[in-house]
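What the coordinates show
As a plain string of letters, each chain reads:
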Amino acid sequence: MENEPIRIMLIEDSVFATKHVQKMLAEVKSPQFEAELYCADRISAGLEYLANNKADVILLDLTLPDSHGLDTLIKICTQVPEVPVVVLTGLGDEMLAKEAVQKGAQDYLVKGQIGSNLLRRSILYSIERKKVERELKKYRDHLEELVKERTAELTTVNKQLKQEVTERKQAEKALENSFNELKKVHQQLEQSQSQLIQAEKMSAVGTLAAGIGHELNNPLMAILNFSNYCLKHTRKEDKRYSFLQDIEHESGRCIEIVSNLLTFSRSEQDGKEEYHSESLARIINRVVKIMSYRIEKEKVSLSTHITEDTPKIWVKVGSMQQVILNLLTNALDAVEGSQKKEIRIEVHPDGDSVCLTVVNTGRGIASEIMTKIYDPFFTTKSVGKGTGLGLTISRNIIKSHGGDITCESKAGVGTVFKITLPINTNRRG
Amino acid sequence: MTKHILVIDDEPSIRKSFLTALEDTGYLVETAESGEVGIEKLERKKYDLIFLDLNMPGLDGVETLRELREIDKDVPIYIVTAFHAAFTDRLKTAAADKIDFELLKKPLSSDQIVSITKGILDGATITYRGMP
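Residues numbered from 1 in each chain as written. Chains lettered and ligands numbered in written order. Predicted model: local features only at pLDDT ≥ 70, side-chain atom pairs only at ≥ 80, totals over all residues. Heavy atoms only, no water.

1. Details of the overall build of chain B
For clarity, the threshold we go by: Put simply, DSSP marks the helices as runs of H or I at least four residues long and the strands as runs of E at least two long, and each gets a number from the N terminus on. Residue contacts are defined here by distance: any two heavy atoms, one from each residue, within 4.5 Å place the two residues in contact. Working definition of accessibility: Shrake-Rupley area with a 1.4 Å probe, residue cover restricted to the visible protein chains.
Along chain B, the regular secondary structure elements total five helices and five strands. What you see in chain B, going N to C, is helices and strands ordered as β-α-β-α-β-α-β-α-β-α. Long-range contacts, defined here as pairs at least 24 residues apart, represent 70% of the contacts in chain B between residues at least 6 apart. Just so you have it, chain B exposes about 6500 Å², and 49% of that area is on carbon and sulfur atoms.

Encoded structure:
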């Protein structure tokens, strides 16, 4: 830079001022400060020159014939923003000059106070200042670039993080769901396990009971026959006669208990009886006929409601008869001693099943024992009236037919037993 | 002519039950305490009716049945049992082999023993309780 002359553009309409500047420049010319001066007396000429030529600094008079004040500066700065500008103002225009510096000029000189040293200093200073300005702008732009880049990066990372968080939360939720599912399955398994254990226990009890039952049959037959014999050979007036009758009666009871027991345990094992297609209505009518004497004697009001066209079901007729007999007997026992003695038997189709309900207005089943009613040997009947096996056996029979039995009851009001049996044989258990 | 009945059962109380039940019927009742003794008796004499228990030590009811039939194909044999599941299959096999027998369910009362016996030997039509 020091070797090349400084190209100075002077845009000034006053000839006097122009000559003055030339003179000043000549005064300070030195090997360290070589300058070439180009002049224009209007803004248009200046701009034209600058369009085609390079200048290192512009000395600009703000008041020109074709431009005024800051407008002038703006025109220059717009066209050649990289060139430093020193504005030349008249006395009294210092405010305008200051504004010019704020608006893009590097320095100002007051006409009439321009010494040669001052002019040189101002030119050199402006060039340096512009350089610094340029550097600053470069840095600022670069910084802006960096900031923009960095912001973009951060935005992307932020978005990724947010997505990750969402995904993480979803995974957590899924894990929680899996865990709950697992907990549920675990509970079910535990339930199944206790059911299996219970079934095993029941099976063991059943086998034991069957064994005992079989063992008892011989001694019971002997007792029965011997009491038969004694009765045959004892006079009615004999005071032992009634006791012998009791022995005969009690042994008969034992035989019945054992028989029920063996039926119960056998129902778990073999299925000798065969399935037939039969209408529930016919079985019910047979059972009602068997029980008719007791129904009439105890003044119970029994009604049957069988929906027309209820389909026949595949059933072990003897077993199902046993079930209905058991339910009807229980119902009769329940209404004994009640004010209202009503039993209602209903049959209707229900989807792919047939539904049978037995309703009674008897004493009802307390909620505390509701879960026990199917347990073997559980009975609320007085001694001698029930073995506690009726519902157990009935439920087994129903289940082996692929059906189900439910019970609802209200103490003092009555009880409803509901049985569903599949029409389709494939559901047989 | 007096009819002869053979009761084969390992339990003395059961043998006694049959004896007491049929005491006044005019039939002659003999007893055997095992399958083997029963077979020996049938070898030596003809019977008009045999009551046979299934659950016996030594030669059990089904085996005894086969042996008895070897000796006499025609005598009515009534198996008196509580339908022990263990014998069901083998009884089915025997029936399949055309070995004739009838089943009676234990326990039987004296009246039942008498009516069944009279029914078989004297042809009276009586309804039996306890027959399958």
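2. A few points about the pairing of strand E4 (residues 85-89) of chain A
Residue and element names in this part refer to chain A. Under the convention used in this document: Whether a residue is buried, partly exposed or exposed follows from its accessible area with a 1.4 Å probe, protein chains only, as a fraction of its type maximum: under 20%, in between, or over 50%, in that order. Here, any two strands with at least 2 DSSP bridges between them count as paired. Classification remark: right-handed applies to a crossover when, strands pointing away from the viewer, the course from the first strand over the helix to the second runs clockwise.
Burial analysis of E4 places five of its five residues in the buried class, the great majority of the element. Residues Val85, Val87 and Thr89 of E4 are buried on one face, and the alternating residues Val86 and Leu88, pointing to the opposite face, are buried as well. Sheet topology places strand E3 (residues 57-61) next to E4; four bridges connect them, and they run parallel. Each bridged residue has a counterpart across the sheet, and for Ile58 the counterpart in E4 is Val85. One crossover worth recording links E3 to the parallel E4 by way of helix H3 (residues 69-79), and it is right-handed.

3. What about the packing of aromatic side chains?
Residues and elements named next belong to chain A. Quick reminder of the rule: Only centres within 6.5 Å qualify two rings of Phe, Tyr or Trp (six-membered ring in Trp) as a pair; their planes then separate them into stacked at under 30 degrees, edge-to-face at over 60, and tilted for everything else. Look at NZ for Lys and CZ for Arg. If either is within 6 Å of the ring centre and within 35 degrees of the ring normal, a charge sits over the ring.
Within the structure shown, the criterion is met by three aromatic pairs over all chains. Here the aromatic rings of Tyr38 and Tyr49 are separated by 5.3 Å at their centres, their planes lie at 25°, and the arrangement is stacked. Pair noted here: Tyr38 is in strand E2 (residues 35-40) and Tyr49 is in helix H2 (residues 43-52), with a separation of 11 residues, a long-range link. Exposure remark for Tyr38: the relative accessible area of 27% places this residue in the partly exposed category. A cation over an aromatic ring shows up here: Arg121 above the ring of Tyr125, its NZ or CZ 5.4 Å from the ring centre.

4. So, the interface of chain B and chain A
Our working rule: Accessible surface is computed with a 1.4 Å probe, and the buried area is the amount of it that two parts give up when combined, taken over both parts together. By convention in these notes, a salt bridge is any Lys or Arg side-chain nitrogen within 4 Å of a carboxyl oxygen on Asp or Glu. In protein, a polar contact means a hydrogen-donor-capable atom and an acceptor-capable atom, both N or O and within 3.5 Å, with residues adjacent in sequence counting only if both atoms are side-chain atoms; elsewhere, any N or O pair within 3.5 Å suffices.
On the chain A side, the residues contacting the 21 residues of chain B number 15 residues. Carbon and sulfur atoms supply 58% of the area that chain B and chain A bury against each other, a total of about 1700 Å² over both sides. The interface formed by chain B and chain A includes one salt bridge. Close ionic contact of B:Asp24 with A:Lys232 constitutes a salt bridge, the shortest N to O distance being 3.5 Å. The tally of links between chain B and chain A comes to seven residue pairs in polar contact (both at pLDDT 80 or more). Elements represented by at least two residues in the side of chain B that touches chain A include exactly helix H1 (12-21) and helix H5 (110-122) of chain B. Top element by residues in the side of chain B that touches chain A is H1(B). It accounts for seven residues.

5. Points about the confidence of the model for chain B
Detailed reading of the predicted coordinates is not advisable wherever pLDDT falls low. All names here are of chain B. Threshold: Here pLDDT means the predictor's own confidence in every residue, given as a number from 0 to 100.
Model confidence for chain B is summarised by a mean pLDDT of 86, while 90% of its residues fall at 70 or above. Segment residues 124-132 is flagged for pLDDT under 50; beyond a separation of four residues in sequence, or across chains, it makes 15 contacts in the model. Our summary of model confidence lists the complex with pTM equal to 0.47 and ipTM equal to 0.86.

6. Details of the nonpolar core
Just so we agree on the cut-off: Here, nonpolar core means buried Ala, Val, Leu, Ile, Met, Phe, Trp, Tyr and Cys residues that are tied together by side-chain atoms lying within 4.5 Å of each other.
Grouped together as the largest cluster of nonpolar side chains are 40 residues, with contacts concentrated most on A:Leu280, A:Met320, A:Leu328 and A:Phe417. Secondary-structure elements contributing two or more residues to this core are helix H7 (280-297), strand E8 (313-315), helix H8 (317-335), strand E9 (342-350), strand E10 (353-360), helix H9 (390-400), strand E11 (404-410) and strand E12 (414-422) of chain A. Considering each element in turn, this core owes the most residues, nine residues, to H8(A). When near neighbours in sequence (up to four residues on either side) are disregarded, A:Met320 contacts A:Leu280, A:Ile283, A:Val315, A:Ile397, A:His401 and A:Leu421. Listed in part, the 22 residues of the second largest apolar core include B:Ile8, B:Leu65, B:Phe101 and B:Leu103.

7. What to know about the sheet that holds strand E5 (residues 102-105) of chain B
All names here are of chain B. Formally: Convention adopted: a line fitted to C-alpha atoms gives each axis, helices being fitted over their contacting stretch, and angles between N-to-C directions are expressed from 0 to 180 degrees.
Pairing is parallel in the open sheet, where five strands are placed in the order E2-E1-E3-E4-E5. One side of each edge strand has no neighbouring strand; the edge strands of this open sheet are strand E2 (28-32) and E5. Between one strand and the next, the sheet's axes are offset by a mean angle of 25°, whatever the strand orientation. Sheet analysis places strand E1 (residues 4-8) next to E2, joined by five bridges and oriented parallel. Looking at the pairing, Ile8 lines up with Ala32 of E2. Of the strands in this sheet, E1, E2, strand E3 (49-53) and strand E4 (77-81) touch H1, which is tilted by about 175° from E2. This element, helix H3 (residues 61-71), spans E1, E3 and E4 of the sheet and lies at about 155° to E3.

8. Some remarks on the sheet that holds E3(A)
Residue and element names in this part refer to chain A. Taken in spatial order, the five strands of this open sheet run E2-E1-E3-E4-E5, and their pairing is parallel. At either end of the open sheet lies a strand with only one pairing partner, and these are E2 and strand E5 (107-110). Going from strand to strand, the sheet's axes swing by 20° on average, the running direction of each strand aside. Pairing of strand E1 (residues 6-11) with E2 involves six bridges; the strand directions are parallel. Paired with Arg7 across the bridge in E2 is Glu36. On top of the sheet, H3 reaches E1, E3 and E4; it is set at about 160° to E3, its chief contact. Against the sheet, helix H4 (residues 94-102) contacts E4 and E5, and its axis sits at roughly 160° relative to E5.

9. Considerations on a nonpolar patch on the surface
Going by this rule: Patch membership needs two things, relative accessible area over 30% and no salt bridge, and members are linked within 9 Å if like-charged or within 5 Å if nonpolar (Val, Leu, Ile, Met, Phe, Trp, Tyr).
A contiguous nonpolar surface patch, about 260 Å² in accessible area, is contributed by A:Leu143, A:Leu146 and A:Val147. Structurally, A:Leu143 can be placed in helix H5 (residues 116-232).

10. Quick word on unusual backbone geometry
Here the amide bond leading from B:Lys106 into B:Pro107 is cis, since omega sits at -5°, within 30 degrees of zero. For B:Pro107, the position within the fold is in the loop between E5 and H5. The backbone phi angle of A:Asp309 is positive, close to 65°, even though this residue is not glycine. Its place among the elements puts A:Asp309 in the loop between strand E7 (301-306) and E8. Take A:Asp309: its relative accessible area is 69%, and that puts it in the exposed class.

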